[in-house]
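Report on the structure
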Amino acid sequence: QVQLVESGGGLVQAGGSLSLSCAASYSIYAMGWFRQAPGKERDFGVAIDYEREKTTYADAVKGRFTISRNKANNTVYLQMNALRPEDTAFYYCVASPQLARMVKGDIHYWGKGTQVTVSS
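A quick note: this is a predicted structure, and the numbers were derived from the prediction, not measured. (Residues numbered from 1 in each chain as written. Predicted model: local features only at pLDDT ≥ 70, side-chain atom pairs only at ≥ 80, totals over all residues. Heavy atoms only, no water.)

Here we look at the overall build of the chain
Threshold: Where helices and strands are cited, they refer to DSSP runs of H or I of at least four residues and of E of at least two residues respectively, numbered from the N terminus. Computation of the radius of gyration draws on C-alpha atoms, with the globule rule given as 2.2 Å multiplied by the number of residues to the power 0.38. When a residue's accessible area, from a 1.4 Å probe over protein chains only, is under 20% of the maximum for its type it is buried; when over 50% it is exposed; and in between it is partly exposed. Any pair of residues with heavy atoms lying within 4.5 Å of one another is described as a contacting pair. In short, Shrake-Rupley with a 1.4 Å probe defines the accessible areas, and a residue's cover is counted only from the protein chains shown.
For the chain, the helix and strand inventory stands at one helix and 11 strands. The order of helices and strands in the chain, counted from the N terminus, is β-β-β-β-β-β-β-β-β-α-β-β. A compact globule built from 120 residues would reach a C-alpha radius of gyration of about 14 Å, and the chain, at 13 Å, matches this within 12%. C-alpha extents for the chain along the principal axes are approximately 40 × 25 × 25 Å. Out of the 120 residues in the chain, the part that is buried amounts to 48%. Across the chain, contacts joining residues at least 24 apart in sequence account for 56% of those joining residues at least 6 apart. Working note: accessible area of the chain is about 6300 Å², and carbon and sulfur atoms make up 47% of it.

Rendered as structure tokens:
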């Protein structure tokens, strides 16, 4: 069992920046973030694999969000820049055996999530 604990998030004005982090109790998995906006389904956001630290981004966040990981402390970081009101969502840290499977929604572990609110 892998436990994922998110931190960060909060309220920011449009155009601003926020950072999230996710500490895993143990992980050689691909890790990433899904998000769920009010009244919408959870959607893939960003992911990073374990071995080569290959990253992949949803089109909606590409160029604005950056994911990175520190293997030494099993922590993944998400830097979010140029935030938009449509980025407002509950952000969930996730882990999956493979990055490609994560993108397709095959998630083995979910964190409890953290709220990100972007005001216009």
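Some points on empty space enclosed by the protein
Condition: The way it works is a 1 Å grid over only the protein atoms, where trapped points that fit a 1.4 Å probe form a cavity and open points with protein on both sides within 12 Å along at least five of seven lines form a pocket, and then any residue with an atom within 4 Å of a point lines it. Grid points are joined across faces, edges and corners, and a volume is the space filled by probe spheres set on the points. Ten residue types, Ala, Val, Leu, Ile, Met, Phe, Trp, Tyr, Cys and Pro, are classed as nonpolar, four, Asp, Glu, Lys and Arg, as charged, and the remainder, Gly among them, as polar.
Scanning the entire structure with this criterion turns up one cavity of 30 Å³ or more. Here the largest cavity is characterised by a volume of approximately 30 Å³. In terms of lining, the largest cavity is formed by Trp33, Phe34, Arg35, Gly45, Val46, Phe65, Leu78 and Tyr91. Elements with a minimum of two residues in the lining of the largest cavity: strand E4 (30–36) and strand E5 (42–48). Sorting elements by how many residues they give to the lining of the largest cavity places E4 first, with three residues. Each residue belonging to the lining of the largest cavity can be placed in one class, and the counts come to six nonpolar, one polar and one charged.

Focus on the layout of surface pockets
Roughly 210 Å³ of internal volume is contained in the largest pocket. Looking at which element gives the most residues to the lining of the largest pocket, the answer is E5, with three residues. In terms of residue class, the lining of the largest pocket is made up of seven nonpolar, two polar and eight charged.

Brief notes about the sheet that holds strand E1 (residues 4–8)
Test applied: Two strands qualify as a pair provided that DSSP identifies no fewer than 2 bridges between them. Note on geometry: axes are C-alpha line fits, over the in-contact stretch for helices, and angles between N-to-C directions span 0 to 180 degrees.
The antiparallel open sheet is built from four strands, whose spatial order is E1-E3-E8-E7. Unpaired on one side and paired on the other, E1 and strand E7 (65–70) mark the two borders of the sheet. Recorded for the sheet is a direction-independent mean angle of 15° between the axes of neighbouring strands. In this sheet, strand E8 (residues 75–80) lies alongside strand E3 (residues 18–24) in antiparallel orientation, the contact comprising six bridges. For Ala23, the partnering residue across the bridge sits in E8 and is Thr75.

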